[in-house]
Amino acid sequence: MTGLAGTRLGVLLPTNASQWADARRLVEVGVHAERLGFDSVWVNDTLLGARIEPLAMLAALAPVTERVTLGTAALLPAFRRPVTAAQELASVDHLSAGRLVVAVGAGFPGRSEPEYAVSEVPWQRRFARLDDTVALWRTLWSGGRSFHGRVLRLAELPESTPPYRPDGPPIWLAGGSPSALGRTGGLYDGWLPYPPEVGGYRTGLAAVRRAAEAAGRDPGAVTPALFVTVLVTDDPERGERELSAYCQATYGRPYELVRTIQLMVAGPVERVAATLARYAEAGARHVVCRVAASSVDEQLRQMELLAALTSTGTASSTSPRTGS
């Protein structure tokens, strides 16, 4: 498993209401992940189905963990008032003593339009709105008192809670489209895609780094991360069936379609490690594992199996700006 040396490893909490009977156990899962040696604990965000709200979850984890990075994978800022969200994120940054990483996204066509509708935010110009929101957060965190973006324009801003770190938490972009690659290199602190083929990851990262250079930034300042759905099992065929059921329950889409869009792997821990090592060799430095688990108990069991990989990640250093 030496192919993962220098790569940080994290796990996504099962916050969907169908996965837990007592939400307080999710805090236990996060604490246990830290004890097992994982580098980070993550939560996702959607309005499609009942779940624990991600920033509330991170606020609960902040005072009971000490070392792990706490992250969103990914937060959809369009669902929140941007000035309020800046204060919420700064608050979590304080509660965690600077361990927050905010990966953001703009939603997925064919799935996220209803979420935008109930948030009373237009689907059109969603990427410009996302970039404006992130720029507005940074303006508020630095003490700015006005903002004039392409979509958001606020002539007067209130004094806002400054974050724990002077520059605020690192903000990553979750996306792999050509425009997302360019925007990541030019504006964001990290990249969190889930390409199903390692070649796509390699070419995407190269594009991010070219965009960073073109914007006059250090390409090394952009953390190359990876989102992957995993299931550890000694029976690969059973694992494929369970991934299929997980995709249907999570997306209402067949596994055959989802796996052409997202990286998913099931099999013995050695197979999982080998898959992740290929992406690490292509440049990934922080891997976020979503376990295809149907319950908290199964999540805990899977984390124990994945813990064999954590010795390759915990020795990595943490940059205060990138969280890499």
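Residues numbered from 1 in each chain as written. Predicted model: local features only at pLDDT ≥ 70, side-chain atom pairs only at ≥ 80, totals over all residues. Heavy atoms only, no water.

## Some remarks on the overall build of the chain
Secondary structure summary: the chain contains eleven helices and eleven strands in total. For 324 residues, the compact-globule formula gives about 20 Å, and the C-alpha radius of gyration of the chain, at 19 Å, lands near that figure. Counting only C-alpha atoms, the chain reaches 60 × 45 × 40 Å along its principal axes. Among the 324 residues that make up the chain, the fraction classed as buried is 55%. Counting contacts in the chain only where the partners sit at least 6 residues apart, residues at least 24 apart contribute 74% of the total. As presented, the chain carries roughly 13,500 Å² of accessible surface, and 54% of it is formed by carbon and sulfur atoms. Distance between charge centroids for the chain: 5 Å, based on 33 positive and 32 negative side chains. (Helix = DSSP H or I, 4+ residues; strand = E, 2+ residues; numbered from the N terminus. Rg over C-alpha atoms; globule rule 2.2 N^0.38 Å. Buried < 20%, exposed > 50% of the residue type's maximum accessible area, 1.4 Å probe, protein only. Contact = heavy atoms within 4.5 Å. Areas by Shrake-Rupley, 256 points an atom, 1.4 Å probe, with all protein chains shown as cover. Lys, Arg positive; Asp, Glu negative; His and termini not counted. Charge placed at Lys NZ, Arg CZ, Asp CG, Glu CD.)

## A word on a nonpolar patch on the surface
On the surface, a nonpolar cluster with roughly 230 Å² of combined accessible area is contributed by Phe108, Leu257 and Ile261. Inspection of the secondary structure puts Leu257 in helix H9 (residues 255–258). Leu257 gets classed as partly exposed once you look at its relative accessible area, which sits at 40%. (Patch = residues over 30% accessible without salt bridge, like charges linked within 9 Å, V, L, I, M, F, W, Y side chains within 5 Å. Salt bridge = Lys/Arg side-chain N within 4 Å of Asp/Glu carboxyl O.)

## A few points about the confidence of the model for the chain
The share of residues in the chain with pLDDT of 70 or more is 95%, and the mean pLDDT across the chain is 94. Confidence over residues 312–322 falls short of pLDDT 50; this stretch has 33 contacts with residues more than four positions distant or in other chains. (pLDDT = per-residue confidence, 0-100.)

## So, helix H10 (residues 269–281)
The terminal C-alpha atoms of H10 lie 18 Å apart, and with 13 residues this matches the ideal 18 Å at 1.5 Å per residue to within 8%. Listed in full, the buried residues belonging to H10 are Val269, Val272, Ala273, Thr275, Leu276, Ala277, Tyr279 and Ala280. In this structure, the buried side of H10 is in contact with strand E1 (8–12), helix H7 (198–214), strand E9 (223–232), strand E10 (264–267), strand E11 (286–291) and helix H11 (296–306). Count one or two residues on from H10 and you reach Gly283, which has phi positive near 125°. (Expected span 1.5 Å × (residues − 1).)

## Considering the pairing of E11
With six of its six residues buried, E11 lies for the most part within the structure. Burial along E11 is two-sided: the face carrying His286, Val288 and Arg290 and the face carrying Val287, Cys289 and Val291 are both buried. Sheet analysis places E1 next to E11, joined by four bridges and oriented parallel. Directly across from Arg8, in E11, lies its bridge partner His286. Taken together, the six bridges between E9 and E11 define a ladder with parallel strand orientation. If you follow Val228 over to E11, its bridge partner there is Cys289. (Pairing = 2+ DSSP bridges.)

## Here's the deal with the pairing of strand E4 (residues 100–104)
Counting buried positions along E4 gives five out of five residues, so the element sits mostly inside the fold. Across the two faces of E4 the burial is the same, with Leu100, Val102 and Val104 and Val101 and Ala103 all buried. Sheet analysis places strand E3 (residues 69–75) next to E4, joined by four bridges and oriented parallel. Paired with Thr72 across the bridge in E4 is Val102. Following the chain from E3 across helix H3 (residues 82–95) to the adjacent parallel E4, one finds a crossover that is right-handed. Relative to strand E7 (residues 171–173), E4 runs parallel, the two sharing three bridges. Paired with Val102 across the bridge in E7 is Ile171. (Right-handed = clockwise from strand over helix to strand, strands pointing away.)

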